[in-house]
Amino acid sequence: MRTPGGDVVSGIEIGELNDAAANLRHWVCAQLQALGYCVSADGIDDWHALGGDAGSRHYFRFTLTGAVPVTMLAVWAPPSTEKNTEFLQIANMMREQGVAVPEIIAFEMNFGFFIVEDLGAQPLLERLNEDTANTLYPLVFDQLLKIQAISTTDNPLPKYDGAFLLREMQLFREWFLDGLLNVEFDSDAVRMLDDLFAMLAESALAQPVVVTHRDFHARNLIYRGDQPPGVIDFQDAVAGPITYDLVSVLKDCYIAWPRPKVVEWVQLYCEFAWQKGLLSRDIDVGSFIRWFDWMGLQRHIKVAGIFARLHLRDGKSGYLNDLPRVLAYIADTASAYPEFDAFYRWLTTQLQPVIAQQTWGRHD
């Protein structure tokens, strides 16, 4: 990989997106010329910004004209906020195992500049519907199983341990209940939530440990026709519970399916996981689905806190539109298991009347 000359990005104003974008473009041009690409003196063609995400990364798609036009992505990932070292290491780890992650063409770690392969412009979410899901999800499982087959011994990652799980669920209390809803809860409610969080963490820790993407959903998967989808946004990967990524994609925060279809796809995944030795035959489908549901409850409790934080702290209020779906997942799972009866009663009698008063709470 090549890095830029010192004068390319000298004096960059990291806090100013326009300045950073201009410096990024100059750097990209220099890198491509050094790598032997034909880039005109005026720079590169068709440079345009893409929509942002929940992080602080900024993406630009550009085209190299020639006999066969090639599109690539330029990325500015501010080192002060983004896990750029992890992104690079995990990308290499996953590519070595056949996962369809983008090739890193060039990078400059000091400024968080990257040129990466463009896997495509259409998130899988835009292609998922009742007619396509049965074809697309097996392709998704192909990528998921490759990720899960990566050795956590040879490729050490942060552990998704009990303290980690509990910290995530505390986001629900801090940002959703207190920050967004301004809900006051008594000592009984505090104990009830503590007991709930402990049960969910215990269930997660009882599962086989695999490489876990942690944001494996249809917005982070790129549609590629009959090929398995491309995988992006993997820099937060950990060694964690086997059901976590499956929950992310089948109980997706951005699209929901009828319960019978979800169970059918979970059963299909189990068949694949048994065949590949990722899941012991001693674990039957019923036990796995219980793990799956309880992991989903942990994840959606966390996500409710994250979406509230994105709105309150980061001004990214569009995520409020997805909160009703997330809360529906929480209520559905809480109502299905007697272990969660106390939480479900509190949710329906204390919390849902407050939620119903919110503009986003009435979102259909």
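Scroll up a little and you will see the structure.
What counts as what
- Residue indices follow the written sequence of each chain, beginning from 1 at its first position.
- The model is predicted, so local features are restricted to residues of pLDDT at least 70 and side-chain atom pairs to those at 80 or more, both for listing and for counting; the totals for chains, interfaces and linings are taken over all residues.
- Computation of side-chain values: all heavy atoms of the structure, hydrogens and water removed.
- In this text, helices come from DSSP runs of H or I with a minimum length of four residues, and strands from runs of E with a minimum of two, each type numbered from the N-terminal end.
- Note on method: radius of gyration uses C-alpha positions; expected globular size equals 2.2 Å times residues raised to 0.38.
- Contact definition: two residues touch when any of their heavy atoms are within 4.5 Å.
- Reported accessibility uses the Shrake-Rupley method at a 1.4 Å probe radius. Residues are deemed covered only where the shown protein chains occlude them.
- The charge count treats Lys and Arg as positive and Asp and Glu as negative. His and the chain ends do not count.
- Throughout, a charge is located at the NZ atom of Lys, the CZ atom of Arg, the CG atom of Asp or the CD atom of Glu.
- By definition here, a salt bridge exists when the distance from a side-chain nitrogen of Lys or Arg to a carboxyl oxygen of Asp or Glu is within 4 Å.
- Each residue gets one of three labels from its accessible area relative to the maximum for its type: buried under 20%, exposed over 50%, partly exposed in between, using a 1.4 Å probe on protein chains only.
- Of the grid points, spaced at 1 Å and generated over the protein atoms alone, those admitting a 1.4 Å probe that cannot get out make up cavities, while open sets with protein on both sides within 12 Å along at least five of seven lines make up pockets; any residue with an atom within 4 Å of a point is treated as lining.
- Grid points are joined across faces, edges and corners, and a volume is the space filled by probe spheres set on the points.
- Throughout this entry, Asp, Glu, Lys and Arg are counted as charged residues, while Ala, Val, Leu, Ile, Met, Phe, Trp, Tyr, Cys and Pro are counted as nonpolar. The remaining residues, Gly among them, count as polar.
- A pair of aromatic rings is counted whenever rings of Phe, Tyr or Trp (Trp by its six-membered ring) have centres within 6.5 Å, and the orientation is called stacked for planes under 30 degrees apart, edge-to-face for over 60 and tilted otherwise.
- A positively charged side chain is recorded as over a ring if its NZ (Lys) or CZ (Arg) lies within 6 Å of the ring centre. The angle to the ring normal must also be within 35 degrees.
- Whenever a nitrogen or oxygen atom comes within 3.5 Å of another N or O atom, the pair is scored as a polar contact, on the condition that within protein one atom can donate a hydrogen and the other can accept it, and that pairs from neighbouring residues in sequence are kept only if both atoms are in side chains.
- Here, expected helix span is obtained from the residue count minus one, scaled by 1.5 Å.
- Each axis is a line fitted through C-alpha atoms, taken for helices only over the stretch in contact, and angles between the N-to-C directions span 0 to 180 degrees.
- By convention the crossing between two helices is left-handed if the near helix lies anticlockwise of the far one by an angle smaller than a right angle, and right-handed if it lies clockwise.

A. Spatial organisation of the overall build of the protein chain. Along its length, the protein chain carries 10 helices and 9 strands. By the compact-globule yardstick of 21 Å for 364 residues, the protein chain fits well, its C-alpha radius of gyration being 22 Å. Seen through its principal axes, the protein chain has C-alpha atoms that stretch 65 × 50 × 40 Å. Here the analysis covers contacts within the protein chain between residues at least 6 apart in sequence; of these, 71% occur between residues at least 24 apart. A total accessible area of about 16,600 Å² is found for the protein chain, and carbon and sulfur atoms account for 48% of it. Computed over 29 positive and 47 negative side-chain charges, the inter-centroid distance for the protein chain is 2 Å.

B. Quick peek at the pattern of salt bridges. Using the criterion set out here, one finds 17 salt bridges in the structure. Note that Arg173 and Asp194 form a salt bridge whose closest N and O atoms lie 2.8 Å from each other. In this pair, Arg173 sits in helix H4 (residues 162–180) while Asp194 sits in helix H5 (residues 187–205), placing the two residues 21 residues apart along the sequence. The class of Arg173 is buried, set by a relative accessible area of 11%. Connected through shared salt-bridge partners, Arg57, Glu82 and Asp233 make up one network.

C. Up close: the layout of surface pockets. Empty space within the second largest pocket amounts to approximately 250 Å³. In terms of lining residues, the second largest pocket is bounded by 15 residues, among which Lys251, Trp257, Arg259, Tyr329 and Asp332 are the most central. When residues of the lining of the second largest pocket are traced back to their parent elements, those giving at least two are helix H7 (259–275) and helix H9 (323–336). The greatest single-element share of the lining of the second largest pocket, amounting to 6 residues, is contributed by H9. Taken together, the residues of the lining of the second largest pocket sort by class into 9 nonpolar, 1 polar and 5 charged.

D. Structural context of the packing of aromatic side chains. Counted by the stated rule, this structure contains 23 aromatic pairs. Measuring from ring centre to ring centre gives 5.2 Å for Trp47 and Phe60, while their planes differ by 20 degrees; the resulting arrangement is stacked. Of this pair, Trp47 sits in strand E1 (residues 45–49) while Phe60 sits in strand E2 (residues 58–64), placing them 13 residues apart in sequence. Judged by centre distance (6.5 Å) and plane angle (20 degrees), the ring pair of Tyr137 and Phe141 falls under stacked. With a gap of 4 residues between them, Tyr137 and Phe141 both fall in helix H3 (residues 133–148), about one helical turn apart. The class of Tyr137 is buried, set by a relative accessible area of 0%. Of the residues examined, Phe141 reaches a relative accessible area of 0% and is grouped as buried. Here the aromatic cluster, defined as three or more aromatic residues joined through ring pairs, consists of Tyr137, Phe141, Trp257, Trp265, Tyr269 and Phe288. Residue placement shows Arg167 over the ring face of Phe164; its charged tip is 5.3 Å from the ring centre. A cation over a ring is seen here: Arg214 above Tyr160, with NZ or CZ 5.3 Å from the ring centre.

E. The arrangement of the side chain of His213 in detail. Of note, His213 is situated in the loop between strand E6 (209–212) and strand E7 (221–222). There is a polar contact of 3.4 Å between the side chain of His213 and the backbone nitrogen of Phe216. Here the side chain of His213 touches Ile232 through a polar contact of 2.9 Å, landing on its backbone oxygen. Here His213 is in contact with Val231, Ile232, Asp233, Phe234, Asp236, Ala237 and Asp245, once residues within four sequence places are set aside.

F. Representation of H7 in the model. With 17 residues, H7 should cover 24 Å at 1.5 Å per step; its first-to-last C-alpha distance of 25 Å lies within 8% of that length. Those residues of H7 lying buried are Val262, Trp265, Val266, Tyr269, Cys270, Ala273 and Trp274. Following H7 by one or two positions, Gly277 adopts a phi angle in the positive range, close to 75 degrees.

G. Structural context of the packing of H4 against H5. Across the interface, H4 lies against H5 with an axial gap of 9 Å and an inter-helix angle of 145 degrees. Crossing hand, H4 versus H5: right-handed. Residues Gly162, Leu165, Leu166, Met169, Gln170, Phe172, Arg173 and Leu177 of H4 touch H5, and the partners they reach there are Val190, Leu193, Asp194, Phe197, Ala198, Leu200, Ala201, Ala204 and Leu205. Among the residues making up the contact of H4 with H5, the classes are represented as 13 nonpolar, 2 polar and 2 charged.

H. A look at the environment of Cys38. Relative to the elements of secondary structure, Cys38 occurs in the loop between helix H1 (17–34) and E1. Note: C-alpha distance between Cys38 and Val70 (32 residues apart in sequence) is 11 Å.

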